[in-house]
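For reference, the chains in residue letters:
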Amino acid sequence: MRVLYYTSGITGSGRIVRGMSMATALRRKGINAEFTILSSSPFGSLSDKLGINHVEVPLEDENELSKKNYHKSTLYERIISLNPDILIVDLQWFSLYNFIKDLPCKKIFLSRQVDDRFFTIHLADGTMSFRPEDYTLVLATEPFSSKIAMRQINPMIIRNRDEILSRKDAREKLNLKGSKNTCLFLFNGKPGEFKDIKKRYSYLEDSGYTMLYSTNYEGGLFPAVDYFNAVDLVICSAGYNSFWEAEYFGKEALFVSAERRFENQQKRINDCSDYSFDENGADQLVDIMIGIME
């Protein structure tokens with residue numbers, strides 16, 4: 001089974017990590033699959049750390065991906081050459097708008113929380129609107145309401161609870177000694193956010209915490225969840241991966257709401273802080289993939 005996960009991921013590492021969560025779930029379940037991440041993310045090299053195939057594709061504009069020109073685009077050529085049995089599209093519906101319905105594979109669209117405005121784009125030569133009928137399945141990967149009908153699965157996490165390091169092993173790898181509480185400050189969003197937000201919490205260094213700082217922009221801990229048992233407090237954004245990783249692993253956390261165009265991180269904090277789940281959404285997605293291929 002050939003599975004292709006496509007997204008953009010030009011801001012932060014979140015979308016790449018969601019793709020990696022699917023790859024680890026396939027391995028966990030012993031599924032013999034050729035899994036490839038196709039993206040424009042500057043964090044594609046993170047996939048190398050877990051031995052996951054990543055293929056880079058340049059960002060192409062509406063002219064290059066138009067009905068007239070899409071067949072000459074790099075995106076189209078890469079998808080055709082990879083010849084997936086299942087194509088999973090994470091948010092980036094508009095790039096494939098003019099040709100996705102003609103692709104012969106099964107297609108799954110994934111959406112985290114987005115404003116309804118995300119599903120309509122006004123261009124100079126007309127309006128594009130998301131077409132659910134172009135996909136075999138449309139899935140919401142967290143609780144949220146949308147004008148688009150979606151089947152909900154649990155949030156997707158890169159590790160299951162029994163797969164991360166023990167407290168002893170994690171502290172040894174981090175060279176942590178003594179009994180002081182440890183705080184992990186973790187930000188992988190827009191460039192510059194890490195340093196700006198770090199200043200707000202500098203007081204913790206004088207409040208009895210051993211501070212660990214990590215960002216994928218500077219070769220941080222990855223996957224950071226592997227070290228969660230070593231830390232007593234996590235400070236992170238309320239972006240999809242950071243928020244749901246902290247919730248899934250039951251970490252005491254301070255969430256910082258970062259401004260995004262179509263995502264409301266404060267709404268995620270307000271609406272989802274009491275939402276609990278045991279089954280990893282990535283595992284649920286693998287079961288769904290197997291089901292649609294039978």
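Being a predicted model, the structure only gives us computed values, none of them experimental.

Asks: What am I meant to see in the nonpolar core here?
Replies: Soluble globular proteins tend to pack their nonpolar side chains together in the buried interior. Grouped together as the largest cluster of nonpolar side chains are 58 residues, with contacts concentrated most on M20, F35, I88, I108, L285 and M289. Sort the elements by how many residues they give to this core and helix α1 (residues 14-28) lands first, with seven residues. Setting aside chain neighbours within four positions, we find I108 in contact with I86, L87, I88, V89, Y135, L137, L139, L285, M289 and I292.

Asks: How do you make sense of the packing of α1 against helix α7 (residues 281-293) when you look at a structure like this?
Replies: How two helices pack is summed up by the angle between their axes together with the distance between the axes. Where α1 contacts α7, the axes come no closer than 8 Å and their chain directions differ by 70°. As judged from the angle between their axes, α1 and α7 are roughly perpendicular. As α1 packs across α7, the resulting crossing turns out to be right-handed. Residues S21, M22, A25, L26 and R28 of α1 touch α7, and the partners they reach there are A282, D283, L285, V286 and M289. Here the residues of the contact of α1 with α7 sort into seven nonpolar, one polar and two charged.

Asks: Even after reading the chapter, I still don't get the pattern of salt bridges, so can you show me in this structure?
Replies: Any two side chains of opposite charge can pair if their charged atoms end up close together. Per the stated rule, a full pass over the model turns up 14 salt bridges. E142 is paired through a salt bridge with R268; the nearest N and O atoms lie 2.6 Å apart. Of the two residues, E142 is situated in the loop between β8 (137-140) and β9 (151-152) and R268 in helix α6 (residues 265-272); the sequence distance between them amounts to 126 residues. Of the residues examined, R268 reaches a relative accessible area of 1% and is grouped as buried. Residue D232 is joined to R167 by a salt bridge in which the shortest nitrogen-to-oxygen separation is 3.7 Å. Of this pair, D232 sits in the loop between β11 (209-214) and β12 (233-237) while R167 sits in helix α3 (residues 167-173), and the two are 65 residues apart along the sequence.

Cut-offs applied
Residues numbered from 1 in each chain as written. Predicted model: local features only at pLDDT ≥ 70, side-chain atom pairs only at ≥ 80, totals over all residues. Heavy atoms only, no water. Core = buried A, V, L, I, M, F, W, Y, C linked by side-chain atoms within 4.5 Å. Buried < 20%, exposed > 50% of the residue type's maximum accessible area, 1.4 Å probe, protein only. Helix = DSSP H or I, 4+ residues; strand = E, 2+ residues; numbered from the N terminus. Contact = heavy atoms within 4.5 Å. Axes fitted to C-alpha atoms, helices over the stretch in contact; angles between N-to-C directions. Parallel < 35°, antiparallel > 145°, perpendicular 65-115°, else oblique. Left-handed = near helix turned anticlockwise from the far one by under 90°. Nonpolar A, V, L, I, M, F, W, Y, C, P; charged D, E, K, R; others polar. Salt bridge = Lys/Arg side-chain N within 4 Å of Asp/Glu carboxyl O.

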